[in-house]
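# What the coordinates show
Take a look at the letters that make up each chain.
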Amino acid sequence: MHVEKINASPYDSNIYLINKKFLIDTGMDATTLIKELEDHLDLNTLDTIILTHCHFDHSGAASAVAKESGAKIAIHEDDAECLKDNSASAADIFGYKAPNIEPDITYNDGDKIQITDDEYLQVIHTPGHTKGCICLYEPKSKSLFSGDTVFPAGSVGRTDLKGGSAEKLEESIEKLTRLDAKVLYPGHGNVSVDNVNGQIKQSHQAAKQLKYIQL
Ligand SMILES: [Zn+2]
Ligand SMILES: [Zn+2]
């Protein structure tokens, strides 16, 4: 698996280009992202835009990139509706309207996204930050794209926005502790290769505490 990390604008989520065909999240700044992508590939070869969740800082540029490239947009089925909701998509926080996307593909837990003949991304439904958050796991390189569910150094995504749940976040991160992960590609911040399983365990502890505070 070939991964390129793209940062379009300071408030944007991380954007990952996989094998020059799949994009994980898009940030909000379509103009900059499209220019950046054109340095990496012929836009028409982009296959699918996979959104880790509906939040505007991850999905705001998706429509424009899909229109320009012809790529399909995919999201977990539980976050599809939130793309049309100003508050559940957190668009209002950023001073925008909901991205209003009709996704071409909706995922369920356990789906496999084939990225080459012998490599796939496994869809792991990880509600808590939003209802339809997903993490993506690539078993060959043991890579985890964690969206806003876990961040390096034991951090976790916030659960106080519409659709969030501290209890569900704890359960979701517990699921992630059962993986063997060597590379962590978070939705914000730096990529990490340093004892990733240990970092996920720390995030699980943090989520447990968060759950008791919010109960
Ligand atoms: Zn985010
Ligand atoms: Zn988010």
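Bear in mind the structure is a predicted one, so any value in this text is a computation, not a measurement. Think of each chain on its own: its residues are numbered from 1, step by step along the sequence as written. Key to labels: chains lettered from A, ligands numbered from 1, both in the order written. Selection of residues for local features in this predicted model requires a pLDDT of at least 70, selection of side-chain atom pairs for listing and counting requires 80 or more, and totals for whole chains, interfaces and linings are taken over all residues.

## Section: the sheet that holds strand S8 (residues 119-125)
How we decide: By this definition, two strands are paired if DSSP reports at least two bridges between them. Numbering of helices and strands starts at the N terminus; helices are DSSP runs of H or I of at least 4 residues and strands are runs of E of at least 2. Fitted lines through C-alpha atoms serve as axes, helices being fitted only where they are in contact, and the angles separating the N-to-C directions of these axes extend from 0 to 180 degrees.
Spatially, the five strands line up as an open sheet ordered S7-S8-S9-S10-S13, and their pairing is mixed. Edge positions in the open sheet fall to strand S7 (112-116) and strand S13 (183-186), since each of these has one partner strand only. Neighbouring strand axes in the sheet, compared pairwise and without regard to direction, differ in orientation by 20° on average. Inspection of the sheet shows S7 paired to S8 by four bridges, in the antiparallel sense. Residue Gln114 lies in a different strand from S8, and its bridge partner there is Tyr120.

## Section: the sheet that holds strand S1 (residues 3-6)
One key point about sheets: their strands pair by backbone hydrogen bonds, in either a parallel or an antiparallel sense. Taking strand neighbours across the sheet as the criterion, the six strands line up as S1-S2-S3-S4-S5-S6 in an open arrangement whose pairing is mixed. The sheet terminates laterally at S1 and strand S6 (105-107), the two strands that pair on one side only. The sheet shows a mean angle of 25° between the axes of neighbouring strands, taken without regard to direction. Looking at chain direction, strand S5 (residues 72-76) and S6 are connected through three bridges and run parallel. Residue Ala74 lies in a different strand from S6, and its bridge partner there is Ile105.

## Looking at unusual backbone geometry
Note the following rule: Buried, partly exposed and exposed are defined by the number of other C-beta atoms within 10 Å of a residue's own C-beta, namely 20 or more, between the two limits, and 12 or fewer respectively, with C-beta atoms placed from the backbone.
Phi angles above zero are rare outside glycine, and Asn19 is one such case at about 50°. Position of Asn19 relative to the elements: it lies in the loop between strand S2 (15-18) and strand S3 (22-24). By C-beta crowding, Asn19 is classed as partly exposed, having 14 other C-beta atoms within 10 Å. For Asp25, which is not a glycine, the phi torsion comes out positive at approximately 65°. Of note, Asp25 is situated in the loop between S3 and helix H1 (30-40). We classify Asp25 as buried; it has 26 C-beta atoms within 10 Å.

## Concerning the environment of His204
So the rule is basically this: Note on contacts: residues are paired as contacts if their backbone-placed C-beta atoms lie within 7 Å.
The residue His204 is located in helix H5 (residues 196-214) in this model. A tally of 21 C-beta atoms within 10 Å means that His204 is categorised as buried. Other than its neighbours up to four places away in sequence, His204 contacts Ile173, Glu174 and Thr177.

The analysis is restricted to geometry; functional conclusions fall outside its scope.
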